[in-house]
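The residues making up each chain are set out below.
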Amino acid sequence: MSGFNLLHLVTKSQPVALKACGLPSGTRRSKKTWPVTFPQDELKKRLTPMQYHVTQERGTESAFAGEYAHSKEEGTYNCIVCGTPLFPSDKKFDSGSGWPAFSDLVKEESITITDDFSYGMHRVETSCSQCGAHLGHLFDDGPRPTGKRYCINSASLGFQSKKAPASAEAAGGGAHLQQE
Ligand SMILES: [Zn+2]
């Protein structure tokens, strides 16, 4: 009995620290949870402002401004945030829109599609299935056989060239190197 009372007292005497929710007002909380998450301040350091804006704030880069809009190099396009392979270069085509366009994916499940009703339009938004990074939109006016057009921001993508860079040249770039 006395033990219970003592415990009760001790518990009661603990200061109750109620902390307000730490989220700054205006922070967009995504309803979905993704298999891979990154701290936002780490992403702010690692990504360029445009890459952060597009992938984390569902932004859109200017047409014809992205580095991969007209790239024809052979290789694989990865998610810039988590590195997941998304699009093979042989499915890339020139849509004339000024953004990289692809007719198919590396793997069907690597992209999650959701309805996007922003700007008074109904579009289909595409996100990386691993980390939830915003990539771009999906349209139904692509070339055969899929008829799909993945209209993707260059800022959402990293590129893994098919030809392995010679070690002498490797020192040059390194912007898309990822540890872990
Ligand atoms: Zn990702």
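Numbering of residues starts from 1 in each chain and follows the order in which that chain's sequence is written. For this predicted model, a pLDDT threshold of at least 70 governs which residues receive local features, and a threshold of 80 or more governs which side-chain atom pairs are given and counted, while totals over whole chains, interfaces and linings are taken from all residues.

Within an unreviewed UniProt entry, the label attached to the chain reads Peptide-methionine (R)-S-oxide reductase, and the organism entered is Clupea harengus. Under Function (unreviewed entry), UniProt gives the following word-for-word description of the chain: "Methionine-sulfoxide reductase that specifically reduces methionine (R)-sulfoxide back to methionine. While in many cases methionine oxidation is the result of random oxidation following oxidative stress, methionine oxidation is also a post-translational modification that takes place on specific residues." UniProt positions are given in the numbering used here, feature names are shortened, and annotations may be inferred rather than shown by experiment. Check the Sequence similarities (unreviewed entry) section of the UniProt entry for the chain; it says "Belongs to the MsrB Met sulfoxide reductase family."

Only DSSP runs of H or I reaching four residues or more are called helices, and only runs of E reaching two or more are called strands; each is numbered from the N terminus. Along its length, the chain carries four helices and nine strands. From first element to last, N terminus to C terminus, the chain shows the α and β order α-α-α-β-β-β-β-β-β-β-β-β-α. Counting other C-beta atoms within 10 Å of a residue's C-beta gives its exposure: the residue is buried at 20 or more, exposed at 12 or fewer, and partly exposed in between, where C-beta atoms are placed from the backbone. Per-residue burial for the chain yields a buried fraction of 24% across its 180 residues. What counts as a contact is two residues whose backbone-derived C-beta atoms lie within 7 Å of each other. Restricting the contact set of the chain to residue pairs at least 6 apart, pairs at least 24 apart contribute 55%.

Below, the discussion takes up the sheet that holds strand E3 (residues 92–93). When DSSP locates at least two bridges between a pair of strands, those strands are taken to pair. Pairing within the open sheet is antiparallel, and its six strands lie in the order E3-E4-E8-E7-E6-E5. The open sheet has two edge strands, E3 and strand E5 (111–116), and neither has a second partner. By the bridge criterion, two bridges tie E3 to strand E4 (residues 101–102) in an arrangement that is antiparallel. The residue bridging Lys92 from the neighbouring strand is Phe102, located in E4.

As for its position among the elements, Phe139 is in strand E7 (residues 134–139). According to the C-beta neighbour criterion, Phe139 is partly exposed, with 16 such atoms within 10 Å. Apart from the residues lying within four places of it in its own chain, the contact partners of Phe139 are Arg149 and Cys151.

Residues Arg144 and Pro145 are joined by a peptide bond in cis, for which omega reads 5°. Structurally, the position occupied by Pro145 is in the loop between E7 and strand E8 (149–152). For Arg58, which is not glycine, the phi torsion reads 55° and is therefore positive. Note that Arg58 resides in the loop between helix H3 (49–57) and strand E1 (75–79). Of note, the phi angle at Tyr119 is positive, near 60°, even though the residue is not glycine. With 7 C-beta atoms packed within 10 Å, Tyr119 lands in the exposed category.

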